[in-house]
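Descriptive analysis of the structure
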Amino acid sequence: MANPLDDLPKDRLKALEDRIASRKPKAEDSPHQKKDYAIANLAWRMVIELVAGLGIGFGMGYGLDYLFGTLPLFLVIFTLLGLAAGIKTMLNSARELGEKQAAKAADGKEDARGD
């Protein structure tokens, strides 16, 4: 049995292959890219830093209150200190991300100028 594609002219076959290739999704068009995962990982890191600060502050405050018998005093103080430490750590992470993006943007501008 003969192949039906053998009868087609080569230029029509090439045009058909080009049209099919143009319709296929490219690697950049995939919905789950590494960049999306990196942003999600950064968001989870910031949340975990905040919760860890709260948890450590709560644990230290409760431990000191149990040790000294002054239940709400150190619990409240160290929970607030833990919250402040968690927020400070989150801000440092955000600043780190901003510096990376600024450096990447500066590198992109230098490449565009041809330096």
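Refer to the structure above for everything that follows.
The notes below deal with the structure included here. Residue positions are given per chain, counted from 1 along the sequence in the order it is written. Local features in this predicted model are restricted to residues whose pLDDT is 70 or higher, and side-chain atom pairs enter the listing and the counts only when it is 80 or higher, whereas totals over whole chains, interfaces and linings include all residues. For side-chain calculations, the full set of non-hydrogen atoms in the structure is used, while hydrogens and water are omitted.

Some points on the overall build of the protein
Helices and strands together make up the secondary structure of the protein, namely three helices and zero strands. Reading the protein from its N end, one meets helices and strands in the order α-α-α. Partly exposed describes any residue whose relative accessible area lies between the buried limit of under 20% and the exposed limit of over 50%, with all areas from a 1.4 Å probe on protein chains only and scaled to the type maximum. Here the protein holds 115 residues, and the buried ones make up 11% of them. Taking as baseline every contact in the protein between residues at least 6 positions apart, the subset at least 24 positions apart corresponds to 49%. Total accessible area computed for the protein in this model is approximately 9,700 Å², and 66% of it derives from carbon and sulfur atoms. The way it works is that DSSP assigns letters per residue, a run of H or I at least four long becomes a helix, a run of E at least two long becomes a strand, and they are numbered from the N terminus. Only heavy atoms enter the contact rule, under which two residues are in contact if any of them lie within 4.5 Å. Using the Shrake-Rupley algorithm and a 1.4 Å probe, accessible areas are obtained, with residue cover drawn only from the displayed protein chains.

Considerations on the pattern of salt bridges
Each salt bridge in this description consists of a side-chain nitrogen of Lys or Arg and a carboxyl oxygen of Asp or Glu lying within 4 Å of one another. According to the stated counting rule, one finds four salt bridges in the structure shown. The residue Asp18 makes a salt bridge to Lys14 at a minimum N-O spacing of 3.5 Å. Placement of both Asp18 and Lys14 in helix α1 (residues 10-23) is noted, with a separation of four residues, approximately one turn of the helix. Residue classification places Asp18 among the partly exposed residues on the basis of a relative accessible area of 41%. Overall, Lys14 belongs to the partly exposed group, its relative accessible area being 46%. For Arg45, the salt bridge goes to Glu49, with nearest N and O atoms at 3.2 Å. Here Arg45 and its partner Glu49 are both found in helix α2 (residues 34-68), four residues apart, which amounts to about one turn of the helix. Counted as one network, the salt bridges with shared partners bring together Arg45, Glu49, Glu96 and Lys100.

What about α2?
Here the expected length of a helix is defined as 1.5 Å per residue gap, with one fewer gap than residues. Here α2 contains 35 residues, and its C-alpha end-to-end distance of 50 Å stays within 8% of the 51 Å for a straight helix at 1.5 Å per residue. Among the residues of α2, Leu42, Met46, Glu49, Gly53, Gly57, Gly61 and Asp65 are the ones counted as buried. In the stretch just after α2, Gly69 is the one whose phi turns positive, near 80°.

Without other data, these values stay purely geometric and don't point to any function.
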